[in-house]
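Each chain, written out:
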Amino acid sequence: MLNIALPKGRLGEKVYAMFEAAGYECPSIKENNRKLIFENTQKQVRYFWVKPSDVSIYVERGAADIGVAGKDILLEYEPNIYELLDLDLGKCRMAVAAPKSFHDDGMRTLRVATKFTNIAARYYAGLGREIDIIKLNGSIEIAPILGLSDVIVDIVETGTTLKENNLEVIAEILPISARLIANKASFKFKSAEIENIMRSMKEQVSKK
Amino acid sequence: MIDMLKSEERAIFSLRALYRKYGYLPFKMSKFEEYELYIRNKDFLVSDRIITFNDTNGKLLALKPDVTLSIIKQGEDEAGVKQKVYYNENVYRVSDSTQHYKEIMQAGLECVGDIDLYDIYEVLSLAAQSLELISDKFLLEISHLGIVSSILDEVCDDEVFRKQAILYIAEKNAHDLAALCRNHGIADTGIAKLTALITTYGERSHVIAALDGICTTPEARGALDELKALSTLLDQTDYGDRVIFDFSVVNDMSYYNGIVFKGFLDGICDGILAGGQYDKMMRRMGRRAGAIGFALYLDLLEQLHSSSEGYDVDVLLLYDQSTSLQTLNSTVNQLISEGKRVSAQKAAPQKLRYRQCVDIRKETASC
């Protein structure tokens, strides 16, 4: 039985469609109910919906053999897993944003509000810039408006939320997309099934 | 009696017997080591967070987080001679998940001295046999850092590139590695070689055939020849089908060189065995000799067995003050002679799981 962790939400639904196209369908997943685990014994596959930021934990700990996680989560938590494929889905960018009037004169410690403390710390360490990290769990955009921080480091998709809060991207850190990941031990013992899925998904990505 | 031992304890018994057969001698060491030894070689350790304390003379000591450094420290170089030792020791490290210190039961062996290809094979073979002793559903994956290193040297000598590329190789992350290469202006032929390195793994003869085309430098050819020779020897074993080549095993190249390997058991989510050749570490410690060894993380064996045995005892034997000592003793002995596990109690303990209740109290009440 191959255990697959899917990220809840729209991305998860798109990703499931890719697994389905790879021949690992599980019709019960489309039933409108509140179940979180779905199994197709004939195809020897079990799917479960988990919080997107938890997918890598399920995979790293072996509760899931494979899963799909955003590159942002992989960079932030650095799980010990294989990153097998860029699925070219859920594309966005990790960026630094600040109020339109902001000017960094480099004279004082930069206050950075973010959910992604490790990514922010690594980025500014690379620039040699001293920062004070303020860890927030949501509504990051209001931190500079209320004077809690100078800038934010966050995921930017369309930029609409930034615009509506009078913020703008001042630096791009890196592009983000969804990745197919695998538990290292599962990859050894279920290599045929995982490689099969990987091959099909690769084809689907290249046909896009 | 063997059934009563925990899986780690059972493993230690059989591993000791295996290592002794190949002439490995037990290596016993103190729980403490001078802190300086670790601070000088902290990158060699899995974690540099070490439990320290002052000895009565003021010297800073550590609860050992590693065994290999203590073994290297004590040996001497002698031409043609090898020190072959095995150990099972507790080491003290910070757990990745809890970020608290944890006692880890480790077993392993080291072959230190004038080592040659036979010694490398012997250690690989013992690694595979160690895994097989625990479960026949195992896989030992072998990489050769000589190949990884020479292909990286060939495509780009930039240290920043190299560091990041190694991380991607360890993740089997061909897409980000290709992007990194393009950012560094590496030609398509170089990208193709690195991609082949990541995507070529598995059955040994298949990997050897695929590597033939990409190992073009003398260093890479030499390393490939070593893999071929080891593979031929492994072909002659009955566990050879479970030993594969995989270049995503990339231990720290400032300490390790040559053959590195990792072992997995079906049912355990992480590698349970890790090892390799660490001649570079020996140089750092002022030794001329070579060395190879491995460690087995026996604490991970807990994951193989669920604690779902239905009952703590077979019989809960209830007695009271009026029960004669003679009757109680003979009933216990009778049940034990029938092969049952018995717990004699005056009242049923709340959490005790028992298969059957035998009540020898005078006024019998139901269990």
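Residues numbered from 1 in each chain as written. Chains lettered and ligands numbered in written order. Predicted model: local features only at pLDDT ≥ 70, side-chain atom pairs only at ≥ 80, totals over all residues. Heavy atoms only, no water.

### Points about the interface of chain A and chain B
At step 1: Taken residue by residue, the interface counts 19 residues in chain A and 20 residues in chain B.
At step 2: Each partner contributes to the roughly 1,600 Å² buried at the junction of chain A and chain B, and carbon and sulfur atoms together form 54% of this total.
At step 3: In terms of surface lost to chain B, no three residues of chain A exceed Glu83, Lys188 and Phe189 of chain A, which account for 37% of the buried area on that side.
At step 4: Seen at the junction of chain A and chain B, the total is four salt bridges.
At step 5: Here Asp246 of chain B and Lys188 of chain A are joined by a salt bridge, their closest N and O atoms 3.2 Å apart. (Contact = heavy atoms within 4.5 Å. Buried area = accessible area lost by both parts, 1.4 Å probe. Salt bridge = Lys/Arg side-chain N within 4 Å of Asp/Glu carboxyl O.)

### Things to note about the confidence of the model for chain B
At step 1: With 95% of its residues at a pLDDT of 70 or more, chain B has an overall mean of 89.
At step 2: Both scores are given for the predicted complex: the pTM is 0.84, the ipTM 0.86. (pLDDT = per-residue confidence, 0-100.)

### Description of the packing of helix 5 (residues 145-155) of chain B against helix 6 (residues 159-171) of chain B
Residues and elements named next belong to chain B.
At step 1: Put simply, helix 5 and helix 6 touch, their axes get as near as 11 Å, and they point 135° apart. Classified by the angle their axes make, helix 5 and helix 6 are oblique. Along this stretch, helix 5 crosses helix 6, giving a crossing that reads as right-handed. Within the contact between the two elements, helix 5 uses Val148, Ser149, Leu152, Asp153 and Val155 and helix 6 uses Phe161, Arg162, Ala165, Ile166 and Ile169.
At step 2: For the contact of helix 5 with helix 6, the per-class residue count stands at seven nonpolar, one polar and two charged. (Axes fitted to C-alpha atoms, helices over the stretch in contact; angles between N-to-C directions. Helix = DSSP H or I, 4+ residues; strand = E, 2+ residues; numbered from the N terminus. Parallel < 35°, antiparallel > 145°, perpendicular 65-115°, else oblique. Left-handed = near helix turned anticlockwise from the far one by under 90°. Nonpolar A, V, L, I, M, F, W, Y, C, P; charged D, E, K, R; others polar.)

### Observations concerning the confidence of the model for chain A
At step 1: Across chain A, the average pLDDT comes to 94, with 100% of residues at or above 70.
At step 2: Across chain A, the element-wise mean pLDDT spans from 90 in helix 6 (residues 160-164) of chain A up to 98 in strand 11 (residues 178-182) of chain A.

### Some details on the side chain of Ser150 of chain B
Residues and elements named next belong to chain B.
At step 1: Among the secondary structure elements, Ser150 is positioned in helix 5.
At step 2: Within the structure, Ser150 has its side chain in polar contact with the backbone oxygen of Ile147 (distance 3.2 Å).
At step 3: Aside from chain neighbours lying at most four places away, what touches Ser150 is Thr217, Glu219 and Ala220. (Polar contact = N/O pair within 3.5 Å; in protein donor to acceptor, adjacent residues only side chain to side chain.)

### As for the domain arrangement of chain B
Residues and elements named next belong to chain B.
At step 1: Entries for chain B in the domain assignment read domain 1 (1-117 + 266-310), domain 2 (138-258) and domain 3 (313-359).
At step 2: Spacing between the C-alpha centres of domain 1 and domain 2 amounts to 26 Å.
At step 3: Each partner contributes residues to the interface: domain 1 has 13 residues there, and domain 2 has 12 residues.
At step 4: Taking both sides of the interface into account, the surface hidden between domain 1 and domain 2 amounts to around 1,100 Å²; carbon and sulfur atoms contribute 54%.
At step 5: Looking at the side of domain 1 facing domain 2, the largest losses of area belong to Leu117, Gln277 and Lys280, adding up to 48% of the total buried there.
At step 6: Connecting domain 1 to domain 2 are zero salt bridges.
At step 7: The interface formed by domain 1 and domain 2 holds five residue pairs in polar contact (both at pLDDT 80 or more) in total.
At step 8: Mapped onto the side of domain 1 that touches domain 2, the elements with two or more residues apiece are strand 11 (273-277) and helix 11 (279-284).
At step 9: Among the residues making up the side of domain 1 that touches domain 2, the classes are represented as five nonpolar, four polar and four charged. (Domains from an automatic or database assignment.)

### Some details on the pairing of strand 2 (residues 37-40) of chain A
All names here are of chain A.
At step 1: By the alternation rule, side chains of strand 2 split into Phe38 and Asn40, which are all buried, and Ile37 and Glu39, of which none is buried.
At step 2: As paired elements, strand 2 and strand 3 (residues 45-50) share four bridges and run antiparallel to each other. If you follow Glu39 over to strand 3, its bridge partner there is Arg46.
At step 3: Following strand 2, the chain reverses through four residues before pairing antiparallel with strand 3; Gln44 in that reversal takes a positive phi of roughly 55°. (Buried < 20%, exposed > 50% of the residue type's maximum accessible area, 1.4 Å probe, protein only. Pairing = 2+ DSSP bridges.)

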